[in-house]
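Fold and contact review
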Amino acid sequence: MTITSDKHAPWLLLMFRLPARQASRRVEVWRKLRRHGALPLRSSGYVLPNTPAAREHFEWLAAAIRRARGEASVVQVQAIDDLPSEELRRQFLEASAGEYQQLLRQLRQVAAGPRKSAGARLTRLRRRLQQIVAVDFFANPLRNRVEAALARAEAALAGTPPPAASARRERKEYRRRTWITRPRPGIDRVASAWLIRRFVDTDARFAFAEDAARHPNAVPFDMFQGGGFGHRGDDCTFETLQKEFGIRDARVTALAQIIHDADLGDEKFGRREGEGVERVLLGWAQQDISDDELLRRGMDLMEGLYRALP
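Residues numbered from 1 in each chain as written. Predicted model: local features only at pLDDT ≥ 70, side-chain atom pairs only at ≥ 80, totals over all residues. Heavy atoms only, no water.

This paragraph deals with the overall build of the protein chain. Scanning the protein chain for helices and strands turns up 10 helices and 8 strands. Once the C-alpha set of the protein chain is aligned to its principal axes, its extents read approximately 70 × 50 × 35 Å. Burial statistics for the protein chain: of 310 residues in total, 43% are counted as buried. Contacts in the protein chain between residues at least 24 apart in sequence constitute 72% of all its contacts with a sequence separation of at least 6. Accessible surface, the protein chain as shown: approximately 16,800 Å² in total, 49% of it carbon and sulfur. Charge centroids of the protein chain, computed over 53 positive and 40 negative side chains, lie 5 Å from each other. (Helix = DSSP H or I, 4+ residues; strand = E, 2+ residues; numbered from the N terminus. Buried < 20%, exposed > 50% of the residue type's maximum accessible area, 1.4 Å probe, protein only. Contact = heavy atoms within 4.5 Å. Areas by Shrake-Rupley, 256 points an atom, 1.4 Å probe, with all protein chains shown as cover. Lys, Arg positive; Asp, Glu negative; His and termini not counted. Charge placed at Lys NZ, Arg CZ, Asp CG, Glu CD.)

And the structure:
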């Protein structure tokens, strides 16, 4: 195997060797490589797309291997002569396809099994899906199929129609509007405002009040009084808006799960990414900044989180 190194290379290669007596450490390293989605090469080493996250994963593993008296190198790779980039991409897609197909089989088993245990099993499958999506580096088309099947299974268990079957709001009725919510917005209100401006009303203006009646022409969201868009059933306000306006973007769906778990704290989706965002927002809310500035900063955070999602 011939390797060409390049600091702008599309691939990252980890090569390592552990002493023979370090069998348990070798198993630990293999498990971490599998969790990170690394592809084993036929000859030696493991490969990942060259991203900051992958570099961090490989560098931490390399450091751990060296501490165990092994040898490890992390190399940025332009080409591997017996594995062109197209073949590497195909192998990554094949690996993720196998994981998605296994989830589909498990979903069929849940549908055919006892209803009593279905909720817990669907929660575990939802978490497994999130793990697979995190290492689905080349957007395997099976992802949409699995997400749709899981949504149908969850809707069937809850006795409600899936999101695709629910009524849709006409977005044109909500253009260039003022949207009102409570002061000192937390993660659900910040994320909802971001969703409104990003997907519903690009010219949206935002106001803050405890009582929506003070702004009779504004559209309320996440208000205790005054109607509008808020928590409905098991959904937070962000989820309500996503469903009402038929927003089917896959990253918005992932973000909805993050906001739900952070806002409601019920661990329904097993998403932890929102905890740090919520703490940052709470810290800012304790500073002497306006509601407008708090919302602006929070919406920037949401945009960054959205862009970082796979």
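As enumerated under the stated definition, the model contains 24 salt bridges in all. Arg 17 is the salt-bridge partner of Glu 71, the closest N and O atoms lying 2.9 Å from each other. Here the residue Glu 71 occupies a position in strand S5 (residues 71-80), and Arg 17 occupies one in strand S2 (residues 11-17), the gap between them amounting to 54 residues. In this structure, the salt-bridge partner of Arg 182 is Asp 222, at a minimum N-O distance of 2.7 Å. You can see Arg 182 sitting in the loop between strand S6 (178-181) and helix H6 (187-200) and its partner Asp 222 sitting in the loop between strand S8 (219-220) and helix H7 (237-244), a full 40 residues away along the chain. Via salt bridges that share partners, Glu 293, Arg 296, Arg 297 and Asp 300 belong to a single interconnected network. (Salt bridge = Lys/Arg side-chain N within 4 Å of Asp/Glu carboxyl O.)

This part is about the pairing of strand S4 (residues 46-49). Alternating positions in S4 separate into two faces, Tyr 46 and Leu 48 on one and Val 47 and Pro 49 on the other, with burial throughout. Where S2 and S4 come together, 4 bridges link them in antiparallel fashion. Residue Leu 14 lies in a different strand from S4, and its bridge partner there is Tyr 46. (Pairing = 2+ DSSP bridges.)

Turning to the environment of Gln 102, a few remarks are in order. You can see Gln 102 is positioned in helix H3 (residues 85-112). As a C-alpha pair, Gln 102 and Arg 121 span 19 residues in sequence and 14 Å in three-dimensional space.

Counting buried positions over the 8 residues of H7 gives 7, a clear majority of the element. Burial in H7 covers these residues: Thr 237, Phe 238, Glu 239, Thr 240, Leu 241, Gln 242 and Glu 244. Looking at the packing, one finds that the buried side of H7 touches H6 and helix H8 (250-264). Phi turns positive one or two residues past the end of H7, at Gly 246, with a value near 60 degrees.

Let us now look at the confidence of the model for the protein chain. Mean pLDDT over the protein chain stands at 87; residues scoring 70 or higher make up 93%. A low-confidence stretch, residues 162-167 (pLDDT under 50), is modelled with 7 contacts involving residues beyond four sequence positions or located in other chains. (pLDDT = per-residue confidence, 0-100.)

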